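Here are the chains, one letter per residue:
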Amino acid sequence: MLMPRLIHKLTLLFLFLSLTTATITQQFKEAPQFYNSPDCHSIDQDGIDSDSESDGDKAIFCSEHAVHVAMTLDTAYIRGSMAAILSVLQHTSCPQNIAFHFVASASANTSLLRATISSSFPYLNFRVYTFDDSSVSRLISTSIRSALDCPLNYARSYLANIIPLCVRRVVYLDSDLVLVDDIAKLAATPLGEQSVLAAPEYCNANFTSYFTPTFWSNPSLSLTFADRKPCYFNTGVMVIDLDRWREGDYTTKIEEWMELQKRIRIYELGSLPPFMLVFAGDIVPVDHRWNQHGLGGDNFKGLCRDLHPGPASLLHWSGKGKPWARLDANRPCPLDALWAPYDLLQTPFALDC
């Protein structure tokens, strides 16, 4: 009688585990541990009294000597996130001084996401925050690609409300990129006396194409950029002064444009246009090497693209095509080979027939 009962209990346990882990079917390898070079600042000696959290009261999460990195985290892009994390750690001189601030949807299984990160990066300094996406869902208008309509895509507009007040500056990164240079260089970008954010600008891009004829034909709306020289910038890589963001209440300013978009169609492309409406022409330009973007092709076909001329410190597969999907489909683009070394996916052993 004991054996059938044991089998029954094991079966129930297996079903429970299957249900709780169904959201992440991929298995990832453990990454190497990375150590600081001798000249790195010792944050453990700062004696900062950080906010109490269940994942540890580490001084690094409030240290001004740390490089604070913010990323969103979800099951759809977890493979890209793992590669991005590895690339950051591998190419920085002070990996133990990196603090990751991950933002996940309130409806996501954050325990599972946290466990997935911890299993591959046991020594990583990170926290996972929940984003109440219902607060932004009501403001989202449909765009040219459904993936751009995900509420978590808009979390970058709420970082100042999500990340602890003690964090004054953050580098925001998308999940479809890898760094090949020290992120500390990017994080140290001078923001001057009043700029809120820094990012690579692309002034040769057709800026007017990011907004509809309705926007440009409306005299009051088109005057938005009257006192600025706006250029396109990609919001997948930004250095943000969170103190200045909070002081200027820029989240509200972005939301106001989104509310207008619900009434009048003034743009087509997801979370990017509201950022440009608020900041274009007022950001600190960063060298283009820090966002070799567009490697995922356009938003429709995701065709292969070449690198932009010049050096590269960060490779960004923005666009429809993602390197992991193209590799799995055996239809990779040439530049996807640059992403592959950072892929931590655990591939199953081939079985001999």
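This write-up is about the structure you can find in this document. (Residues numbered from 1 in each chain as written. Predicted model: local features only at pLDDT ≥ 70, side-chain atom pairs only at ≥ 80, totals over all residues. Heavy atoms only, no water.)

1. Quick notes on the overall build of the chain
Piece 1. A tally of helices and strands in the chain yields twelve helices and eleven strands.
Piece 2. Relative to its 353 residues, the chain shows a buried fraction of 51%.
Piece 3. Look at the contacts in the chain between residues 6 or more apart in sequence, and 75% of them connect residues 24 or more apart.
Piece 4. Put simply, the chain shows about 17500 Å² of open surface, and 54% of that area lies on carbon and sulfur atoms. (Helix = DSSP H or I, 4+ residues; strand = E, 2+ residues; numbered from the N terminus. Buried < 20%, exposed > 50% of the residue type's maximum accessible area, 1.4 Å probe, protein only. Contact = heavy atoms within 4.5 Å. Areas by Shrake-Rupley, 256 points an atom, 1.4 Å probe, with all protein chains shown as cover.)

2. A few points about the pairing of strand β9 (residues 237-241)
Successive side chains on a regular strand alternate, one facing one side of the sheet and the next facing the other.
Piece 1. Burial of β9 is extensive: five of the five residues sit out of reach of the surface.
Piece 2. Where strand β4 (residues 169-173) lies against β9, five bridges are found, and the strand directions are antiparallel. Looking across to β9, one finds that R169 is bridged to D241.
Piece 3. In this structure, strand β6 (residues 197-199) lies alongside β9, joined through two bridges in antiparallel fashion. Bridge pairing links A198 to V239 in β9. (Pairing = 2+ DSSP bridges.)

3. So, the sheet that holds strand β10 (residues 284-285)
Piece 1. The strand order across the open sheet formed by seven strands is β3-β2-β1-β4-β9-β6-β10, and the pairing between neighbours is mixed. Two strands close off the open sheet at either side, each with one partner strand: β3 (126-131) and β10.
Piece 2. Direction of pairing for β6 relative to β10: parallel, over a ladder of two bridges. Pairing of A199 across the sheet is with P285, part of β10.

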